[in-house]
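Each chain, letter by letter, is given below.
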Amino acid sequence: MLRMFGLGGAKCPRCSQGTGAADGYCTACGLMLGTPRNEPVLVENRWVPGPDELAVFFGVRALSGVFVKTLRVPATARAYILQGDQATEVPQGEYEIEGFFTRLNHLLRDQHAEILVTRSGALPVEFELDGLVSAEHLEVSARLALSVRIESVSAFARHFMTMPGTVKADHLRELLQQPVRQLAGEFVAARSLREMAGQRELRPELDQHLQGGLATLLADYGLAIVRVETLALRHDRFDANRARIGSLWLAVDEQRVKVEHARQLDELYTDDEWRRIAREESQARLAHRRAELRQGAGIERAEMSLRNAERAQAIRAREIELYGRIVESRSRKHAIERGAQDLVAELEHELAQKRGARADQETEWAHLRELAAVRMREEVALARQDAAQARTVAAQRFSHQLLQQQIRNKIEQARGIEDAARQRAELARLHAAEEDAARRAREIDAQDHAARLRAAERAESIEVEAVRQRVEALRRDGTQADALAQHEKLLRTIEADAALQRVAIDGEEARAVLQAELLAAERTHELRRMEKLGAVDDTTKLVLAGETNAALLADVLKARTQAGMSAEQLAALTSSRLADEQVERERARRNDELERERRHQLELLALQNDVNKTALATQAQLGGALIAGTACRHAGAQAGDRFCGTCGAPLPARG
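Conventions and cut-offs
Residues numbered from 1 in each chain as written. Predicted model: local features only at pLDDT ≥ 70, side-chain atom pairs only at ≥ 80, totals over all residues. Heavy atoms only, no water. Helix = DSSP H or I, 4+ residues; strand = E, 2+ residues; numbered from the N terminus. Buried < 20%, exposed > 50% of the residue type's maximum accessible area, 1.4 Å probe, protein only. Contact = heavy atoms within 4.5 Å. Core = buried A, V, L, I, M, F, W, Y, C linked by side-chain atoms within 4.5 Å. 1 Å grid on protein atoms, 1.4 Å probe; cavity = no way out; pocket = protein on both sides within 12 Å on 5 of 7 lines; lining within 4 Å. Points joined across faces, edges and corners; volume = space filled by probe spheres on them. Nonpolar A, V, L, I, M, F, W, Y, C, P; charged D, E, K, R; others polar. Phe/Tyr/Trp six-rings, centres within 6.5 Å; stacked < 30°, edge-to-face > 60°. Lys NZ or Arg CZ within 6 Å of the ring centre and 35° of its normal. Pairing = 2+ DSSP bridges. Axes fitted to C-alpha atoms, helices over the stretch in contact; angles between N-to-C directions. Parallel < 35°, antiparallel > 145°, perpendicular 65-115°, else oblique. Left-handed = near helix turned anticlockwise from the far one by under 90°. pLDDT = per-residue confidence, 0-100. Salt bridge = Lys/Arg side-chain N within 4 Å of Asp/Glu carboxyl O.

Remarks on the overall build of the chain
Inference 1: The helix and strand inventory of the chain stands at 19 helices and 11 strands.
Inference 2: Of all 655 residues assigned to the chain, the portion counted as buried reaches 37%.
Inference 3: Long-range contacts, defined here as pairs at least 24 residues apart, represent 66% of the contacts in the chain between residues at least 6 apart.

Observations concerning the nonpolar core
Inference 1: Leu 116, Phe 156, Leu 193 and Leu 223 are the most contacted members of the largest nonpolar core, which totals 57 residues.
Inference 2: With 9 residues, helix α4 (residues 169-189) is the largest single contributor of residues to this core.
Inference 3: Non-local contacts of Phe 156, meaning those with residues more than four positions away in its chain, are made with Ala 55, Phe 57, Leu 116, Ile 150, Met 161, Val 167, Tyr 221, Gly 222 and Leu 223.

Notes on empty space enclosed by the protein
Inference 1: Under the criterion given, the structure shown has 5 cavities of 30 Å³ or more.
Inference 2: Of the pockets and cavities examined, the largest cavity occupies roughly 110 Å³.
Inference 3: Taken together, 13 residues line the largest cavity, and the ones lying closest to its centre are Phe 57, Thr 166, Val 167, Gln 406 and Asn 409.
Inference 4: Among the elements of the structure, β9 (165-168), α4 and α13 (361-414) are those that each provide at least two residues to the lining of the largest cavity.
Inference 5: When residues in the lining of the largest cavity are grouped by element, the largest group, 4 residues, is from α13.
Inference 6: Among the residues making up the lining of the largest cavity, the classes are represented as 7 nonpolar, 6 polar and no charged.

Remarks on unusual backbone geometry
Inference 1: Phi is positive for Asn 45, close to 60 degrees, though the residue is something other than glycine.
Inference 2: Turning to its location among the elements, Asn 45 is positioned in the loop between α1 (39-43) and β1 (53-60).
Inference 3: Assessed through its relative accessible area of 1%, Asn 45 is described here as buried.
Inference 4: A positive phi angle is found at His 137, which is not glycine, with a value near 65 degrees.
Inference 5: Among the residues examined, His 137 registers a relative accessible area of 45% and is labelled partly exposed.

Focus on the packing of aromatic side chains
Inference 1: Taken as a whole, this structure holds 7 aromatic pairs when the rule is applied.
Inference 2: Consider the rings of Tyr 95 and Phe 100, whose centres lie 5.6 Å apart with planes at 90 degrees: the pair is edge-to-face. Note on accessibility: Tyr 95 and Phe 100 belong to one class, buried.
Inference 3: Following the ring pairs from residue to residue traces out a cluster consisting of Phe 67, Tyr 95, Phe 100 and Phe 101.
Inference 4: A cation over a ring is seen here: Arg 109 above Phe 101, with NZ or CZ 4.6 Å from the ring centre.
Inference 5: Over the ring of Phe 187 we find Arg 191, and its NZ or CZ is 4.0 Å from the ring centre.

Quick word on the pairing of strand β11 (residues 244-252)
Inference 1: Burial of β11 is extensive: 7 of the 9 residues sit out of reach of the surface.
Inference 2: By the bridge criterion, 7 bridges tie strand β10 (residues 223-238) to β11 in an arrangement that is antiparallel. When the bridges of β11 are listed, Asp 236 appears paired with Ser 247.

Thoughts on the packing of α4 against helix α6 (residues 202-219)
Inference 1: At a minimum axis separation of 10 Å, α4 and α6 run at an interaxial angle of 140 degrees. Put simply, α4 runs oblique to α6. Pair α4 / α6 crosses with right-handed handedness. On α6, the residues that touch Leu 176, Pro 179, Val 180, Leu 183, Ala 184, Glu 186 and Phe 187 of α4 are Leu 202, Glu 205, Leu 206, His 209, Leu 210, Gly 213, Leu 214, Leu 217 and Leu 218.

Re the environment of Ala 169
Inference 1: Mapped onto the elements, Ala 169 comes out in helix α4.
Inference 2: In sequence terms Ala 169 and Leu 123 are 46 residues apart; their C-alpha atoms lie 7.5 Å from each other.
Inference 3: The contact partners of Ala 169, leaving out residues within four places of it in the chain, are Asp 52, Leu 123 and Val 125.

Structural notes on the pairing of β1
When a strand is regular, its side chains alternate between the sheet's two faces.
Inference 1: Within β1, 8 of the 8 residues are buried, leaving the element largely enclosed by the surrounding structure.
Inference 2: In this sheet, β9 lies alongside β1 in antiparallel orientation, the contact comprising 4 bridges. Looking across to β9, one finds that Glu 53 is bridged to Lys 168.
Inference 3: In this structure, β1 lies alongside strand β6 (residues 113-119), joined through 6 bridges in antiparallel fashion. Within the sheet, the bridge partner assigned to Val 60 lies in β6 and is Ala 113.

Re the confidence of the model for the chain
Inference 1: When pLDDT is averaged along the chain, the result is 75; 69% of the residues meet or exceed 70.
Inference 2: Confidence scores differ between elements of the chain, with helix α9 (residues 298-307) showing the lowest mean pLDDT of 50 and strand β8 (residues 139-150) the highest of 93.
Inference 3: The low-confidence segment residues 1-6 (pLDDT under 50) makes 31 contacts with residues lying over four places distant or belonging to another chain.

Some words on the pattern of salt bridges
Inference 1: Taken as a whole and judged by the stated rule, the model has 18 salt bridges.
Inference 2: Here Arg 244 makes a salt bridge to Asp 236, at a shortest N to O gap of 3.6 Å.
Inference 3: Across the pair Asp 272 and Arg 275 runs a salt bridge, and its minimum N-O distance is 2.1 Å. Taken together, the positions of Asp 272 and Arg 275, both in helix α8 (residues 271-293) and 3 residues apart, correspond to about one turn of that helix.
Inference 4: In this structure, a network of salt bridges that share partners links the residues Arg 234, Asp 236 and Arg 244.

Looking at the sheet that holds β8
The strands making up a sheet associate through backbone hydrogen bonding, with each pair oriented either parallel or antiparallel.
Inference 1: Sheet architecture is open: 4 strands sit in the order β7-β8-β10-β11, paired in antiparallel fashion. Edge positions in the sheet fall to β7 (123-133) and β11, since each of these pairs with one other strand and no more. Geometrically, the sheet is characterised by an average inter-axis angle of 20 degrees between neighbouring strands, direction not taken into account.
Inference 2: Sheet analysis places β8 next to β10, joined by 10 bridges and oriented antiparallel. Note on β10: the bridge partner recorded for Arg 149 is Ala 224.
Inference 3: The strands that α4 touches are β7, β8 and β10; relative to β7, the one it contacts most, it runs at about 40 degrees.
Inference 4: Contacting β8, β10 and β11, α6 runs over the sheet at an angle of about 135 degrees to β10.

Below is the structure:
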């Protein structure tokens, strides 16, 4: 049987007597001391909760003690009596003591019991959520109303009815604030502002997401969410001085505001501002990817995950949403129209690396959808792990907050004890319990921190192993030598960056980011160059090839051309080649003859030059002799000779 603990020494809220037995019940009326004051329930015996109360519960020493007056259960309330392990509902109506036990004859009138009074309908609890961010990291505010009711009396009594008290809307708001914010933040972060503005079913989808997410958490505590109503969902734009420029109401009461969302979006932001917002979103996603690539930096990766867990979860939720759109799209154009152009480009790049031959467009899109489905399953698996951890932590915090609320209620009740000494002792005990609860809260946060750290390390080791396996696969494939070199270089860079970052994380972070960007740019440039080179014709390849590769490429192209020729074409090619060789030999012969003729002419010119030199020398000597008036001294001159036959000097005339 459930046990409820009252506080002795406090006045009875029903009969105002200050005496109580050792078991904590009033000696006059048998009501458990410490029960919160509620005039209709305790004094008028009309069991109905207040306007902001979900439930009222208290205990009595003997069940017959509740019939000091006629018992009334109105239509707007539901009442339960708990004895032992059994909860009995008291139907609507008015009861006298004999008629009551005659109708509910299995109840024991002289045994103690616990009374639970709740409302027949659900209690609406409103939430104001500010600071939610969309996929573009634009702030969104939400106003929600959750209708909560008691679904399981036994589970509710086990967790809430540990002492007399009430459960009000403020208590539920405090308990559900964090899980509601987390679920709403996940929903908004997976969508852009433009998508939410153009989505007609935005409010029902958000309501369904919140109701489904809270159902599991509250089921263990006997509570249920009957309905979720999105009262308002808006985006406020501010200037540099935080002055509000305009608001976009994404989901709001139609009787209050009726606007055309697309027109209002164009008024709030210009095209240049939308492009800047899109670049910032892409840069945030790219920065997250770069952080994931730094596999070796385990400590930094874990700290990044702990600092930016919500942002990382939002990016993962956005990617899962976009992968789902790609899987559901019928064509590439349809997927791009649905806002998945970035992931389509990324998947096409990855698919281009994996496929060996170019397929048709329909087959390519089928492969790309399969690749998107694989990536989505991986992201969903990680998201489920994070969600399971988040649910565990949320349940622990929910239970702990419930315990803290109960301790605070006990402290308030203990302040009503008239005996000062007993009041101090009771307050000291409760304050000690409150400090223990605070210490337990810190332990829960520390455990959550450690769990996330371990999860980050596990994810890191898994990704490192995946990179290593990918490198090994590329190493076995000889046709992808360039990609293998790039991956090995990336892996070496990551390992070196990890070793250096443990020494100086702040200084090495910029270098690691720069290296990752350079490697990505180099790999992208190389892949694009290879794709463009593969798309051009053979002549262009020959023109673009370097000097060292031009001859080899020409031979390859020549051999490829000859391989496709017929026998007649090969014979004609051979004849043409023989004719070319004959022409080449004839040209060489003629060049040799011309070279010999040229050498002969040069020899003749040299001989002529020698003769001319001799004649000039002789003439010079003859001229010198004439000038000097000397006669030839050589003998042997014949009669009639005018010049000497030896030296050519003129001879004197003879008579």
